[in-house]
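What the coordinates show
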Amino acid sequence: MSWQTKGTLSRFRPRTHIKKRQRRGSKLDDDETHGPSEAATYLTQGDPLLLLADRHWALPSQQQNFDVEVVENVYKHHLRASKFSPAKTQALEFSQYLEHYLWPNFSPGQASLAYVMSLAIMVNEKFRERIPAWQVFKDRPTDFAAYFDLVMDAMISDEDDQVSTISQVTHYSLHEKSFLLLFLINCFNSLEEDLVREQVQRLCSLPMWTCLLPSRREQELKTNVKLKKYWTVIEKRDSKVNVEIKKRSQKERQFLFNLISKFFNILEGIPLKGKCNKHAIQFCERFLEFITDLEAQLPTRRFFNVLLDDSHFVVKCKMSGLAQRVPEGHLFNQLLERVTFYAGFEISDHSGVALTESQMLEEHYHKITALQKACFSLFPELRQFAMSHVAGIDRQQSLLKYLKPLSNETLHELAAYLNLVPKRQQPMETESDEDQIDNSLLVELLVYHCQRRSSQLEKINDMPLYPTDEVIWDENVVPTEYYSWEGVALFVVRNTLCCDMCC
């Protein structure tokens, strides 16, 4: 008897009565991923994909007859051709495509785009169905590390760049990179697994600070003597390793920094008005979910939070065209609000100890007084700002009043004094337009760095006691029954840091 009978048919029987809802004027289109009609289309017994599974990997006696063209066929003609239909991925998971065919025959040197993508999609499907996903990889940790490297190479490549493998030369689209990004999210949310933690830790450890501005790195190391000693050891060790090991180390240390740079390139490609690539928007939303997960866990946040701040992630996202688009930027702004919340979370990045209100105020006073000292010693025209009391100038409107009239050169010097941007290596007159930082960005950086922020207690007190209409009818918070997890992130609150603080 074939594996397709009884249980399979009961799970994949067709649904004919699917109604698409309209809620408060929002339309549910077939081409969107919130709830496409194909997400509710289930496979029947005679479907070609089920017949292919029955022929090649469903039975134990067939698992030795591996053909890489089958993987290519499944991916190109069943997954990608159907726009990664949930019904297709469910059928492949139910037939144990990952356990019986993909992973037992995986070879890092021969892995094509279809092979890399198929593995990631199957792992993502297991997470969606809340099935243990990492057990199958534990008997081959070396091959899993090699596969993880392939995913890293794919993520930092441009859409038009070609990723070379022994079998062929390929390029990954933004839609495909969104699935790989979801795979990385699942990896970073599985730190309890030794197999996964070993790969993740090398991406977000102290050596990643090589990507910081040298002045910012020295500022951070001065505040922690122990880290300064570790950094000295890292520099001595790097001077002794060979070129191949050093190249691999640089790839790991710069991965998250390069990934953020790729994200900025995609974000800048979304215009303020007019048509835009929906896959680019979905990738940006998914990337904010990825950043939130990194910020919401102490093991990954410890060194990454400084890198995120040094890249001016929040400010550049707020000034992007996507953030100002309506309604496309609604979910993006919600997720950005969550990233901002965790980036300024009232907790010590290194010790994990919760910071009190007085400690947060002391840190804020240190930033604003550093700006006042720079104004007093370098810019006589800002003496009034330098001599004012902190409470009178640490609000957004007060800072904008003093900073907006300043020239680009003055703003750049102020930001460089605070280690927000690199110092000018040549006079401003000789700089090209590409090297100059826009005035609006410099002003926003200084305001974001120095303005007083509301405490968590104030934010909690401002929240409604019961769900409001905005929450109930917001499908990003309360999804419909047709929500499809592949393309669109959800605005979900992470409680990881709060739990760590309580423990």
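Residues numbered from 1 in each chain as written. Predicted model: local features only at pLDDT ≥ 70, side-chain atom pairs only at ≥ 80, totals over all residues. Heavy atoms only, no water.

Assigned secondary structure in the protein chain consists of 25 helices and two strands. Taken over 503 residues, the protein chain has a buried fraction of 50%. Split by element, the accessible area of the protein chain, about 25,600 Å² in all, is 52% carbon and sulfur. (Helix = DSSP H or I, 4+ residues; strand = E, 2+ residues; numbered from the N terminus. Buried < 20%, exposed > 50% of the residue type's maximum accessible area, 1.4 Å probe, protein only. Areas by Shrake-Rupley, 256 points an atom, 1.4 Å probe, with all protein chains shown as cover.)

Moving on, we get to the environment of Gln 384. The topology assignment puts Gln 384 in helix α19 (residues 383-387). The spacing of Gln 384 and Tyr 402 is 18 residues in sequence and 9.4 Å in space, taken between C-alpha atoms.

Spanning 16 residues, helix α6 (residues 113-128) covers 22 Å between terminal C-alpha atoms, matching the ideal 22 Å at 1.5 Å per step. Most of α6 sits out of view: 14 of its 16 residues are buried. In the stretch just after α6, Arg 130 is the one whose phi turns positive, near 60°. (Expected span 1.5 Å × (residues − 1).)

On to the packing of α6 against helix α7 (residues 141-155), then. The geometry of α6 relative to α7 is characterised by a closest axis approach of 11 Å and an angle of 105° between their N-to-C directions. Relative to α7, the element α6 lies roughly perpendicular. On α7, the residues that touch Val 116, Leu 119 and Ala 120 of α6 are Tyr 147, Leu 150 and Val 151. Per-class residue counts for the contact of α6 with α7 are six nonpolar, no polar and no charged. (Axes fitted to C-alpha atoms, helices over the stretch in contact; angles between N-to-C directions. Parallel < 35°, antiparallel > 145°, perpendicular 65-115°, else oblique. Contact = heavy atoms within 4.5 Å. Nonpolar A, V, L, I, M, F, W, Y, C, P; charged D, E, K, R; others polar.)

By secondary structure assignment, the location of Phe 257 is in helix α13 (residues 255-268). A C-alpha to C-alpha distance of 7.6 Å links Phe 257 and Leu 307, two positions 50 residues apart in sequence. If we ignore the near neighbours within four places in the chain, the residues touching Phe 257 are Cys 211 and Leu 307.

The next point concerns the packing of aromatic side chains. Under the definition given, this model contains 31 aromatic pairs. Ring plane angle 80° and centroid distance 5.4 Å describe the contact between Phe 188 and Phe 290, whose orientation is recorded as edge-to-face. Here the residue Phe 188 occupies a position in helix α8 (residues 174-188), and Phe 290 occupies one in helix α14 (residues 278-295), the gap between them amounting to 102 residues. You can call Phe 188 buried: its relative accessible area is 1%. Here the guanidinium or amino end of Arg 383 rests over the ring plane of Phe 376, the centre of that ring lying 4.5 Å away. When the ring centre of Tyr 402 is taken as reference, the NZ or CZ atom of Lys 401 above it lies at 5.8 Å. (Phe/Tyr/Trp six-rings, centres within 6.5 Å; stacked < 30°, edge-to-face > 60°. Lys NZ or Arg CZ within 6 Å of the ring centre and 35° of its normal.)

We now examine helix α2 (residues 48-56). Those residues of α2 lying buried are Leu 49, Leu 50, Leu 52, Ala 53 and His 56. Here the buried residues of α2 occupy an arc of 160° about the axis, which is enough to place them on one side. For α2, exposure combined with an orientation more than 90 degrees from the buried face picks out Pro 48 and Arg 55. As for α2, its buried residues are in contact with α3 (68-80), α4 (86-94) and α5 (97-102). Its side-chain oxygen 2.9 Å from the backbone nitrogen of Leu 49, Asp 47 forms the N-cap of α2. (Arc of directions from axis to C-beta. Polar contact = N/O pair within 3.5 Å; in protein donor to acceptor, adjacent residues only side chain to side chain.)

Another aspect to go through is the packing of α13 against α14. Two numbers describe how α13 lies on α14: the axes approach to 10 Å, and their chain directions differ by 150°. Considering only the axes of α13 and α14, their crossing is left-handed. Listed contacts from α14 to Leu 256, Leu 259, Ile 260, Phe 263, Ile 266 and Leu 267 of α13 are Ala 280, Phe 283, Cys 284, Phe 287, Leu 288, Phe 290 and Leu 294. Tallied by class, the residues present in the contact of α13 with α14 amount to 13 nonpolar, no polar and no charged. (Left-handed = near helix turned anticlockwise from the far one by under 90°.)

The next subject is the pattern of salt bridges. As enumerated under the stated definition, the model contains 23 salt bridges in all. Across the pair Arg 197 and Asp 194 runs a salt bridge, and its minimum N-O distance is 2.3 Å. With Arg 197 and Asp 194 both in helix α9 (residues 194-201) and three residues apart, this pair spans about one turn of that helix. A cluster of three or more residues bridged by salt bridges with shared partners is formed by Asp 149, Arg 202, Arg 248 and Glu 252. (Salt bridge = Lys/Arg side-chain N within 4 Å of Asp/Glu carboxyl O.)

The amide bond that connects Val 326 to the next residue, Pro 327, takes the cis arrangement and shows omega of 5°. Relative to the helices and strands, Pro 327 is located in the loop between α16 (313-318) and α17 (330-343). If you check the backbone angles, Gln 96 has positive phi at about 60° while not being a glycine. Mapped onto the secondary structure, Gln 96 falls in the loop between α4 and α5. For Arg 130, which is not a glycine, the phi torsion comes out positive at approximately 60°. With respect to the helices, strands and loops of the structure, Arg 130 is situated in the loop between α6 and α7. Owing to a relative accessible area of 76%, Arg 130 belongs among the exposed residues under this scheme.

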